[in-house]
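# Chain and residue survey
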Amino acid sequence: MSDAPRAPAATLVIFGAMGDLARRLLVPALVNLSRDGLIDEATTILGVSHHDADDDALREALDDFIEDQDSWSKLRDRVAYLKGDFEQASTFAALAERVKGNAVFYLATAPNFFGPVVDALADAGLLDEGAGFRRVVIEKPFGHDLTSAQALNARILARAEEQQIYRIDHFLGKETVQNIMVARFGNVMLGAVWNNRYIDHVQITAAEAVTVGTRGKFYDSTGALRDMVPNHLFQLLALIGMEPPNSFDADAIRTEKSKVIAAAKPVPPEDAVRGRYEAGTIAGKPVAAYLEEAEVDPTGRTETYAALKVQVETWRWSGVPFYLRTGKGLTARDTEIVVQFRDVPIALFRGTKAAGCPWGNRLRLQLQPNEGLSLEFVAKVPGPVMETAPVSMDFHYADRFAVGHQTGYETLLYDVLTGDQTLFQRADQIEGGWRVVQPLLDAWRAGEPEGYAAGSAGPAGADALIARDGRCWSELA
Ligand code: BG6
């Protein structure tokens, strides 16, 4: 049981209830919330989709994905199903009959339905807040470039208030991501050195060992840049770069994050590299090249890796590059942020200034796996000779807290039900992210990504990108 207050009762309407997201993540997260006593017992789930099904069929489709059968049994009877086409007014008329009071409309659908569903909800009066709150949750991808994101925001905001819209970025549901703000603003020692006087550069990495697998159709029209950078990686950049908010109110925090994204300069193509995995070996298993994956255009130019250098022109960050990289089919799964501090002004101790890449003198936020935080610095090796060695102070979440099995959606769903928008993207953040990467989207319509062997650390061009500035990537571990 948690000490947090219980969320108010509501109907959670899930569009796309038979899909993977609902079954693997949303409903299991609700079960966890219910186990922790965080949702009201009168909360109901209404799944909507075009499949021929009924209440029992939906419940059965959900059964397999739930670990905690005990808590599920309490929620299971409150799951209902409505068959309906997302583009038919009759679906929304039927919904209006069944939804009274507080409601959350969760769009776990293909992105082409986001605009039409919001319009149809508004037409049916389902977004009018007279009888209770009415909130809309929108998954990514939110647009596929700056123009489409602006158009989608304009369309949605013509029918609903910004306060009703919850644009999901599931990275913000991760405990370690939320810890960035706590680490920064709860510890004066970090705050004191958190600027361009002491920080040399920042690296933000989201590396995945998995390949595209069965997601070829989606991924081939998306690519690594769109899939990860303007959303997930920019949210991390904003949390590292934001000024302290003047309160912990959602909008105070969102405004500070937006300011950082707004200060990021559009990335010129020469400051970015794209890659595509070739055949290779990952964890001892042979892996086929991306172009041979199912539902991938073998003549296409979709990238599976992107690296870029982002300049944030603020008083705090001017001159401190943020290097971002993400990719699939890499040597390891590793989501981390490395804050590299500047060298000491004079290398007083022999051996402190190793040739090549610097070591030590940095803070590493390990977001996943092995969640934690480490401070790497140099210490004296015992003995009569002055010799130094890199050492590290490590904090592992699992050593200190009962982390438990969470889907990552628990906090996000709880926040939607309690009306806290802190962990959701505001329209200006989404558009800001697209604005920064738009020159790359334009440039990458031509040319080809650089090949890298599956199971490697990425294309050689990414190493050259950072080496050009006399720096190097932290090792993927
Ligand atoms: C999703 C992307 O948003 O994030 C996926 O569409 C990616 O391609 C995933 O694998 C990574 O998230 P996580 O939580 O597994 O790091």
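No experiment lies behind these values; they were computed from the predicted model shown.

### A look at the nonpolar core
In this structure, Phe-15, Leu-95, Phe-105 and Val-310 are the most contacted members of the largest nonpolar core, which totals 142 residues. Of the residues that make up this core, three or more belong to each of domain 1 (11–139) and domain 2 (172–467). Setting aside residues no more than four positions away along its own chain, Leu-95 makes contact with Val-13, Phe-15, Leu-46, Val-48, Leu-82, Phe-105, Leu-121 and Leu-126.

### Structural notes on the site of the ligand
All residues in the neighbourhood of the ligand are listed as Lys-140, His-170, Phe-171, Lys-174, Glu-208, Arg-215, Asp-227, Met-228, His-232, Lys-328, Arg-333 and Gln-368. A distance of 2.8 Å separates an oxygen atom of the ligand from a polar atom in the side chain of Lys-140. One nitrogen or oxygen atom from the side chain of Arg-333 is found 3.4 Å from an oxygen atom belonging to the ligand. Notes on the ligand: free accessible area 400 Å², of which the protein chains cover 81%. Tallying contributions element by element places helix H10 (residues 223–241) first for the shell around the ligand, with three residues. Taken together, the residues of the shell around the ligand sort by class into two nonpolar, three polar and seven charged.

### Some details on helix H11 (residues 250–263)
An ideal rise of 1.5 Å per residue puts 20 Å on 14 residues; H11 measures up with 20 Å between its terminal C-alpha atoms. With ten of 14 residues buried, H11 is to be regarded as a mostly interior element. Those residues of H11 not exposed but buried are Ala-250, Ala-252, Ile-253, Arg-254, Glu-256, Lys-257, Ser-258, Val-260, Ile-261 and Ala-263. Elements in contact with the buried residues of H11: helix H7 (175–185), H10 and helix H14 (427–443).

### What to know about the pairing of strand E13 (residues 334–341)
For E13, the buried fraction is high: eight of the eight residues fall into the buried class. The two faces of E13 match: Asp-334, Glu-336, Val-338 and Gln-340 on one face and Thr-335, Ile-337, Val-339 and Phe-341 on the other face are all buried. Pairing analysis gives eight bridges linking strand E7 (residues 199–207) to E13, with the strands arranged antiparallel. Within E13, the position partnered with Ile-199 by the bridge is Phe-341.

### Section: the sheet that holds strand E3 (residues 79–83)
Taken in spatial order, the six strands of this open sheet run E3-E2-E1-E4-E5-E6, and their pairing is parallel. A single partner strand is all that each edge strand has here, and the edge strands are E3 and strand E6 (165–167). Ignoring which end each strand starts from, the neighbouring axes of this sheet average 20° apart. Bridge analysis of strand E1 (residues 11–15) against strand E2 (residues 44–49) gives five bridges, and the strand direction is parallel. Counted as the bridge partner of Leu-12 is Ile-45 from E2. The strands that helix H13 (residues 410–418) touches are strand E4 (103–107), strand E5 (134–138) and E6; relative to E5, the one it contacts most, it runs at about 155°.

### With respect to the pattern of salt bridges
Oppositely charged side chains are able to pair whenever their charged atoms sit close together. By the definition in use, this model includes 24 salt bridges. For Asp-271, the salt bridge identified is with Arg-468, shortest N-O distance 2.7 Å. Of this pair, Asp-271 sits in the loop between H11 and strand E8 (272–278) while Arg-468 sits in the segment after helix H15 (460–467), and the two are 197 residues apart along the sequence. The class for Asp-271 is buried, based on a relative accessible area of 10%. According to the relative accessible area criterion, Arg-468 is partly exposed, its value standing at 47%. The residue Arg-364 makes a salt bridge to Glu-336 at a minimum N-O spacing of 2.6 Å. Within this pair, whereas Arg-364 is found in strand E14 (residues 362–368), its partner Glu-336 is found in strand E13, the two being separated by 28 residues in sequence. The exposure class assigned to Arg-364 is buried, which follows from its relative accessible area of 14%.

### With respect to the domain arrangement of the chain
Domains assigned within the chain are domain 1 (11–139) and domain 2 (172–467). Every contact between the two is made by 19 residues of domain 1 and, on the other side, eleven residues of domain 2. Taken over both partners, the interface formed by domain 1 and domain 2 buries close to 1300 Å², and the fraction arising from carbon and sulfur atoms is 72%. Along the contact surface separating domain 1 from domain 2 lie zero salt bridges.

Thresholds applied
- What you see as residue numbers is a count from 1 along each chain, following the sequence as written.
- With the structure being a predicted model, the display of local features is reserved for residues of pLDDT at least 70 and the display and counting of side-chain atom pairs for 80 or more, all residues being used for whole-chain, interface and lining totals.
- For side-chain calculations, the full set of non-hydrogen atoms in the structure is used, while hydrogens and water are omitted.
- Definition used in this section: a nonpolar core is a set of buried Ala, Val, Leu, Ile, Met, Phe, Trp, Tyr and Cys residues joined via side-chain atoms within 4.5 Å.
- Burial here depends on accessible area, computed with a 1.4 Å probe over protein chains only, as a share of the maximum for the residue type. Under 20% is buried, over 50% is exposed, and the range in between is partly exposed.
- Residue ranges for the domains trace back to a domain assignment, done automatically or taken from a database.
- Contact criterion: two residues are considered in contact whenever any of their non-hydrogen atoms come within 4.5 Å of each other.
- We define proximity as follows: a residue is near a molecule or strand when any one of its heavy atoms falls within 4 Å of that partner.
- The term polar contact refers here to a pair of N or O atoms within 3.5 Å; inside protein, the definition further demands a hydrogen-donor-capable atom paired with an acceptor-capable atom, and it admits residues adjacent in sequence only when both atoms are side-chain atoms.
- The method behind every accessible area is Shrake-Rupley, applied with a 1.4 Å probe, and residues are considered shielded solely by the protein chains displayed.
- A helix here means a DSSP run of H or I that spans at least four residues, while a strand means a run of E at least two residues long, and both kinds are numbered starting from the N terminus.
- Under this grouping Gly is polar, as are all residues other than the nonpolar Ala, Val, Leu, Ile, Met, Phe, Trp, Tyr, Cys and Pro and the charged Asp, Glu, Lys and Arg.
- To estimate the expected span of a helix, subtract one from its residue number and multiply by 1.5 Å.
- One requirement defines pairing of two strands: DSSP has to find at least two bridges between them.
- Only C-alpha atoms enter the line fits that serve as axes; for helices the fit covers just the stretch in contact. Angles between N-to-C directions range over 0 to 180 degrees.
- Salt bridge criterion: a side-chain nitrogen from Lys or Arg within 4 Å of a carboxyl oxygen from Asp or Glu.
- Note on terms: buried area is the combined drop in 1.4 Å-probe accessible area of two parts once they are placed together, counting the loss on both.

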